[in-house]
Amino acid sequence: MTSEDFVPAPLRRLWGVPESSRLGRPATLDVNVVVAAAVKIADRDGLGGVTLPKVAESLGVTSMSLYRHVGSKDELLTLMSNAALGQPPTIEPGDWRSGLHQWAFAQRAVYQRRPWLTRVPTSGPPAGPNQIAWMEAALAVMSGTHLDWAHKIGALSLISGYVVQSVRQYGELTEGRAEGQGQADAEREYGRALARLVDPARFPEMARLFASPLFEAPPSDTPDATIADADFSLGLELILDGIAVRIERSAS
């Protein structure tokens, strides 16, 4: 019995561990070809467009032939997520805060290019080589802190969850706006409408919010990407502030 016998087949496929050689003609497909075809469909049609029959059709094979390379639709999604994520950026050693800031923005850029990644169901902890590489990059950034492993993983989970949610929310808000309407105008209309509807006696804090200049701030010609970057940075800085407090406590 070899060490590979203790690794489930889906994990072996995820890590590209070759299967034992078999007699007969070489297979015309492999896992990488199947996953690449599925990712191409997702990039074009979104996650909902990915089905085993469609992947098989794009490759000119039968759906049943795919099961030699992926055990299920769920496994295919796991393989796709790992492949589409790609490699993390190279982050120079130094300040943990600037490193995590760079890490978060790099991850966000991947999800912005491939928003379908934010829709992949989470069926377990990160396990693919690319996913592990992203975790390694962030853990290396925090290696000089006094955080224990639980707090380091908690920080990564918090940041990653924030990245995913912000990309999903931005996409949903964009889809919900009227055609040709920018984010600045949408926020302005929202603030003005709610200011007329919210009763200060019932919702005193919300009334103060809508009376503030917050929703009037961005000029109408401000690019949506600029507003989105500013909103994302604000939330990220709040998270990093919390991590900074924990790092300070752990050092004392």
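Everything below is about the structure shown above.
We now turn to the structure provided with this report. The residue count restarts for each chain, going from 1 along the sequence in the order it is written. Predicted model: local features are reported for residues with pLDDT of at least 70 only, side-chain atom pairs are reported and counted for 80 or more only, and whole-chain, interface and lining totals are derived from all residues. Side-chain metrics in this entry use all non-hydrogen atoms of the structure; hydrogen atoms and water are not considered.

We now examine the packing of aromatic side chains. Any Phe, Tyr or Trp ring, taking Trp's six-membered ring, that has another such ring centre within 6.5 Å forms a pair; planes under 30 degrees apart are called stacked, those over 60 apart edge-to-face, and the others tilted. Counted under the stated rule, the structure contains six aromatic pairs. Ring plane angle 90° and centroid distance 4.9 Å describe the contact between F105 and F232, whose orientation is recorded as edge-to-face. Residue F105 is found in helix α6 (residues 96–113), and its partner F232 is found in helix α11 (residues 224–251); the two are separated by 127 residues along the sequence. For the exposure calls, accessible area comes from a 1.4 Å probe over protein chains only, and a residue counts as buried if that area is under 20% of its type's maximum, exposed if over 50%, partly exposed in between. The class for F105 is partly exposed, based on a relative accessible area of 22%. To qualify as a helix, a DSSP run of H or I must reach at least 4 residues; to qualify as a strand, a run of E must reach at least 2; elements of each kind are numbered from the N terminus.

Moving on, we get to α11. To estimate the expected span of a helix, subtract one from its residue number and multiply by 1.5 Å. With 28 residues, α11 extends 40 Å between its outermost C-alpha atoms, agreeing within 8% with the 40 Å of an ideal straight helix rising 1.5 Å per residue. Within α11, the full set of buried residues consists of I227, A228, F232, G235, L236, I239, L240, I243 and I247. Whether two residues are in contact is decided by their heavy atoms, any of which lying within 4.5 Å being enough. Buried residues along α11 sit in contact with α6, α8 (149–176) and α9 (183–197).

So, on to a nonpolar patch on the surface. Patch rule: a residue counts if its relative accessible area is over 30% and it has no salt bridge; like charges are joined within 9 Å, and nonpolar side chains (Val, Leu, Ile, Met, Phe, Trp, Tyr) within 5 Å. The Shrake-Rupley method, run with a 1.4 Å probe sphere, supplies the accessible areas, and residue values consider only the shown protein chains as cover. Within this document, salt bridges are pairs made up of a side-chain nitrogen of Lys or Arg and a carboxyl oxygen of Asp or Glu, the two lying within 4 Å of each other. A contiguous nonpolar patch, built from V7, L11, W15 and I132 and spanning about 310 Å² of accessible area, is present on the exposed surface. Considering the arrangement of structural elements, one finds V7 in the segment before α1 (9–14).

Checked against the element boundaries, N82 lands in helix α5 (residues 73–85). Beyond its immediate chain neighbours, meaning those up to four positions away, N82 contacts L14, G128, P129, N130 and Q131.

We now examine the pattern of salt bridges. One side chain can pair with another of opposite charge once the charged atoms of both are near each other. Counted under the stated rule, the structure contains 12 salt bridges. One salt bridge in this structure joins E75 and R13, with 2.5 Å as the shortest N-O distance. Here the residue E75 occupies a position in helix α5, and R13 occupies one in helix α1, the gap between them amounting to 62 residues. Each member of the pair, E75 as well as R13, carries the same accessibility label: buried. With a closest N to O distance of 2.9 Å, D229 and R108 form a salt bridge. With D229 in helix α11 and R108 in helix α6, the pair connects residues that are 121 residues apart, well separated along the chain. The partly exposed category is assigned to D229, whose relative accessible area is 32%. Three or more residues are tied together by salt bridges with common partners; here these are D185, R188, R192 and E216.

Note that every value here comes from positions in space, so none of it alone points to a role or purpose.
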